[in-house]
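Here's the letter readout for the chains.
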Amino acid sequence: MTYSGTVRVGGPADVHELADLMISKVAVGAMNNNSYLLRCRATGEQLLIDAAAEPDILLQLVGDDGIASVVTTHQHGDHWQALAEVVAATGARTYAGRYDAEGIPVATDVPVEDGDTIRVGRVELTAHRLVGHTPGSIALVYDDPHGHPHAFTGDCLFPGGVGNTRQDAAAFTSLLDDVEQKLFGSLPDETWVYPGHGDDTTLGAERPQLPEWRRRGW
């Protein structure tokens, strides 16, 4: 089946099958959060991005093979409500941006710096710190050697704009600057974007709107 990236709370996961990586997207919780399960096709190792809510649903998605690690994209509570239960059930190692780790009530085993690599089996993800939505939000980029890149952006980039900066002009400028430099400035239009809430998009679909985002200030 063709992957659409459109999921709903209570509905099934949507699976994006790449040559080396399988990406399962599911929506959970009252704030319609996206959680992503990444599975290395060569080794079967799995990594979860944002144990946001509904641990039973996430553990069912993980299945009997378990997960090696959980990455929390940022410190906001709707992105880690299920983290403690998922870690307790799986023994997974926890990752989060160094500057957001203190705001997450489950200990971060590996504080992540800008440019760090996180592995799932034979697949490598590169972390990019994006400052503005929170001090230490991270996006994860998988540069697929068989195709185009894939970016998991948490709450820093959505269809139609960057993340909420609560009308803080400096925070907005910081976030948009980082998103422009570290994502739009270094990745091609074909890059698939997996946000923390709602539907997916591509950098190419969003790039023409960048001047308007900066003009409007949100």
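Note: the structure precedes this text.
Because the structure is a prediction, the values reported are computed rather than measured.

1. Side note on the overall build of the protein
Here is step 1 of the chain: What the protein contains, in helices and strands, is five helices and 15 strands.
Here is step 2 of the chain: The C-alpha atoms of the protein give a radius of gyration of 16 Å, which matches the 17 Å a tight globule of 218 residues would have.
Here is step 3 of the chain: Here the C-alpha coordinates of the protein stretch approximately 50 × 35 × 30 Å along the principal axes.
Here is step 4 of the chain: For the protein, the proportion of its 218 residues judged to be buried stands at 53%.
Here is step 5 of the chain: Look at the contacts in the protein between residues 6 or more apart in sequence, and 51% of them connect residues 24 or more apart.
Here is step 6 of the chain: Total accessible area computed for the protein in this model is approximately 9600 Å², and 49% of it derives from carbon and sulfur atoms.
Here is step 7 of the chain: Both charge centroids of the protein, one from 15 positive and one from 31 negative side chains, sit 3 Å from each other.

2. A word on the pattern of salt bridges
Here is step 1 of the chain: All chains considered together, the criterion is met by ten salt bridges.
Here is step 2 of the chain: The shortest N-O distance in the salt bridge between Arg98 and Glu113 comes to 2.4 Å. Within this pair, whereas Arg98 is found in the loop between β6 (93–97) and β7 (110–112), its partner Glu113 is found in the loop between β7 and β8 (117–120), the two being separated by 15 residues in sequence.
Here is step 3 of the chain: The salt bridge partner of Lys182 is Asp114, with a shortest N-O separation of 3.5 Å. On the criterion of sequence distance, the pair formed by Lys182 in helix α3 (residues 169–184) and Asp114 in the loop between β7 and β8 is long-range, its members being 68 residues apart.
Here is step 4 of the chain: Overall, the relative accessible area of 42% leaves Asp114 in the partly exposed class.
Here is step 5 of the chain: Look at the salt bridges and you will find they share partners, linking Asp177, Glu180 and Arg214 into a network.

3. A word on the side chain of His16
Here is step 1 of the chain: Relative to the helices and strands, His16 resides in strand β1 (residues 14–17).
Here is step 2 of the chain: A polar contact of 2.8 Å, which involves the side chain of His16, links it to the side chain of Tyr194.
Here is step 3 of the chain: Ignoring any residue separated from it by four or fewer positions in sequence, one finds His16 in contact with Tyr3, Leu21, Met22, Ile23, His150, Trp192 and Tyr194.

Reading the values: the criteria
- Residues numbered from 1 in each chain as written.
- Predicted model: local features only at pLDDT ≥ 70, side-chain atom pairs only at ≥ 80, totals over all residues.
- Heavy atoms only, no water.
- Helix = DSSP H or I, 4+ residues; strand = E, 2+ residues; numbered from the N terminus.
- Rg over C-alpha atoms; globule rule 2.2 N^0.38 Å.
- Buried < 20%, exposed > 50% of the residue type's maximum accessible area, 1.4 Å probe, protein only.
- Contact = heavy atoms within 4.5 Å.
- Areas by Shrake-Rupley, 256 points an atom, 1.4 Å probe, with all protein chains shown as cover.
- Lys, Arg positive; Asp, Glu negative; His and termini not counted.
- Charge placed at Lys NZ, Arg CZ, Asp CG, Glu CD.
- Salt bridge = Lys/Arg side-chain N within 4 Å of Asp/Glu carboxyl O.
- Polar contact = N/O pair within 3.5 Å; in protein donor to acceptor, adjacent residues only side chain to side chain.

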